[in-house]
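Residue strings, one per chain:
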Amino acid sequence: MANSSTRYACGLSALTTDEPDPDAFAQAIAAEAAAVDAGFALLFFSQSLVDASALAHALQRHAPSLAYAGCSTAGEITPQGLEEGHVLALLLPNASFSTASTMVENLSSSGMDRITGEVASLRRLLRGRAGDERAKSVFALCFIDGLSYAEEAVTSAIHWGLDDIPLIGGSAGDDLKFETTRLISNGKVASDSAIVVLIATEIPFHVFKTDNFIPTDEKLVVTASDPNHRIVREFNATNAAEEYAAAVGMVPQALTPLSFASHPVVVKVGGEYYCRSIQRMHADGSLSFFCAIDDGVVLSIAQPKNLVEATRAALLDVERKLGGIDMVLGFDCVLRRLDARNRQVFRDISELYRTSNVIGFGTYGEQYRSMHLNQTFTGIAFGERRAAE
C-alpha cells in the first residue's frame, strides 16, 4: 500500500504507511499538517514496522512544532480497513480542534491522586487554549501501557479528574508478543505510562461502546489467584485451565488465544456485564487475564453474538443520535480481531470499518468513562462540520 492520505469533511486528516521509513512518514505528516493547519496529531504504530524512538526522532526533525501523542498497537484500523504492520497518523486542524495532553510516567509507583491532579491541571490548560465557547464541548482520550497491570486504577483516577467529560481510549499493544508496549508524546518515549489528551471541538461527536456477547448460566468462581499479576490458578477449586476448558467443551491442551477470544468470560458490575478476557495459558494450567481479577470474583461464560451485525447495529444507533457519521476514531480489542478470523468474518468486519470511515487501532484493553474493558470496541464518532454550524 505504501502511503495513503484521507481527508474527512469534519476536518480531520488521516495518513497511513506500511513502509518502515519513519523519516519519510514524518515528512508526509509535516506536509499535511502545514496544508490543513494542524496543531496536534494522534499516532498509532506497529512496533514490527517502526521503532518508537525512531518515530519520535523523525517527528522532532521534520515536524518540530507539531504536538502529538500515541502508542504501539496490536493491529491498526486504517481507511482501508483492518491492517497489521502499519503506522497511522490522525491530524487535528486548529480551525476545529483545541488540544492539551500530558504523559503520566512510572504508573507502577504513581499515586492515583497525582493522576487526578494532573488531569485537573490539563482541564485548566485546555480552557485557556480553547476559549469559553469551544471549551463547552470536550472529550478525553487515554492511552495506557497494556502490560502495566494498572489500567483499572489509572482509568478510574483519570475519570475522577475529568468531572463530566467523557473518556475513551485503548491500551497499547505489541503485536501479541506481550513483551513491551510503547507510548510517545512530544519527544518522550516510555512504557509503564499513560497519556491523557483533552480535545475541545465544535464538531458534533458521540462517545459509545459495543460488544457482542451474552452471558450464559455457566459460572466460574475464582478460588485461587495472584491479583497483582492478573493470574487465576483455580476456578471452582479446580485447576483454572481444566475448569475453563470443561466449561466451553474443550480439552486444556487445545486452548489457544483463539479459544479465549471465541469463549470470553464476563463479570456483572452494577447490573451490566463486562468482559474479563483471558490473555494466555501457562504451563501449570494457570490463566493470565487482560483485566483485574481477584479471589471470589464470579465469572460467567459468554456466548458470542454475530460480531459484524452487533457492530453494524451500534454504528447505526450512533448515526441516528448524531444525525450522520463523518468518521469514527475507534479502539478495538485485539481479541475481537482474533475472533473475527476464527469465525471467518474478518473481511466482513474490515469492510464494515472501511465503509463506516472507522480508523484507530487494535488494543490490549479499552477504556470507557470510568471502566477498563476487554473484547469491546470503544469509539468516538464525529459528525460533519456543517452540522455544527
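Scope of this entry: the structure provided in the associated data block. This one's a predicted model, so the numbers in the text were calculated from it and none came from an experiment.

So, how was this worked out
Residues numbered from 1 in each chain as written. Predicted model: local features only at pLDDT ≥ 70, side-chain atom pairs only at ≥ 80, totals over all residues. Heavy atoms only, no water. Helix = DSSP H or I, 4+ residues; strand = E, 2+ residues; numbered from the N terminus. Buried < 20%, exposed > 50% of the residue type's maximum accessible area, 1.4 Å probe, protein only. Areas by Shrake-Rupley, 256 points an atom, 1.4 Å probe, with all protein chains shown as cover. Lys, Arg positive; Asp, Glu negative; His and termini not counted. Charge placed at Lys NZ, Arg CZ, Asp CG, Glu CD. Phe/Tyr/Trp six-rings, centres within 6.5 Å; stacked < 30°, edge-to-face > 60°. Axes fitted to C-alpha atoms, helices over the stretch in contact; angles between N-to-C directions. Parallel < 35°, antiparallel > 145°, perpendicular 65-115°, else oblique. Left-handed = near helix turned anticlockwise from the far one by under 90°. Contact = heavy atoms within 4.5 Å. Nonpolar A, V, L, I, M, F, W, Y, C, P; charged D, E, K, R; others polar. Salt bridge = Lys/Arg side-chain N within 4 Å of Asp/Glu carboxyl O.

1. Some words on the overall build of the chain
Counting its secondary structure elements, the chain contains 10 helices and 27 strands. Over its C-alpha atoms, taken along the principal directions, the chain stretches across nearly 60 × 45 × 40 Å. Burial status across the chain gives 58% buried among its 389 residues. A total of about 14900 Å² of accessible surface is found on the chain, and carbon and sulfur atoms cover 46% of it. Within the chain, the 47 negative side-chain charges are centred at a point lying 5 Å from the centre of the 32 positive side-chain charges.

2. Some details on the packing of aromatic side chains
Here the distance between the centres and the angle between the planes together describe a pair of aromatic rings. Throughout the structure, instances matching the rule amount to 15 aromatic pairs. When the centroid spacing of 5.7 Å and the interplanar angle of 50° are considered together, the rings of F290 and Y364 count as tilted. Highlighted residues: F290 in the loop between β21 (287–289) and β22 (298–304) and Y364 in the loop between β24 (358–363) and β25 (366–368), separated in sequence by 74 residues. A connected cluster of aromatic rings, assembled from ring pairs, spans F44, F143, F331 and F361.

3. Here's the deal with the environment of G170
Along the chain, the position of G170 falls in strand β10 (residues 167–172). When the C-alpha positions of G170 and C71 are compared, they lie 9.2 Å apart, and in sequence the two are 99 residues distant.

4. A few points about the packing of helix α7 (residues 307–322) against helix α9 (residues 346–355)
Orientation of α7 relative to α9, taken along the N-to-C sense of each, is 15°, at an axis distance of 9 Å. It follows that α7 is roughly parallel to α9 by the angle criterion. Considering the relative orientation of α7 and α9, their crossing is right-handed. Counted together, L307, V308, T311, R312 and L315 of α7 and D348, I349, L352 and Y353 of α9 form the full contact between these two elements. A class-by-class count of the residues in the contact of α7 with α9 yields 6 nonpolar, 1 polar and 2 charged.

5. Structural notes on the pattern of salt bridges
Scanning the model with the defined rule gives 19 salt bridges in all. The residue E84 makes a salt bridge to R337 at a minimum N-O spacing of 3.7 Å. Pair noted here: E84 is in the loop between β6 (81–83) and β7 (87–93) and R337 is in helix α8 (residues 334–342), with a separation of 253 residues, a long-range link. The shortest N-O distance in the salt bridge between E84 and R341 comes to 3.3 Å. In this pair, E84 is assigned in the loop between β6 and β7 and R341 in helix α8, connecting sequence segments 257 residues apart.

Honestly, that's just the spatial picture; any functional story needs more than this.
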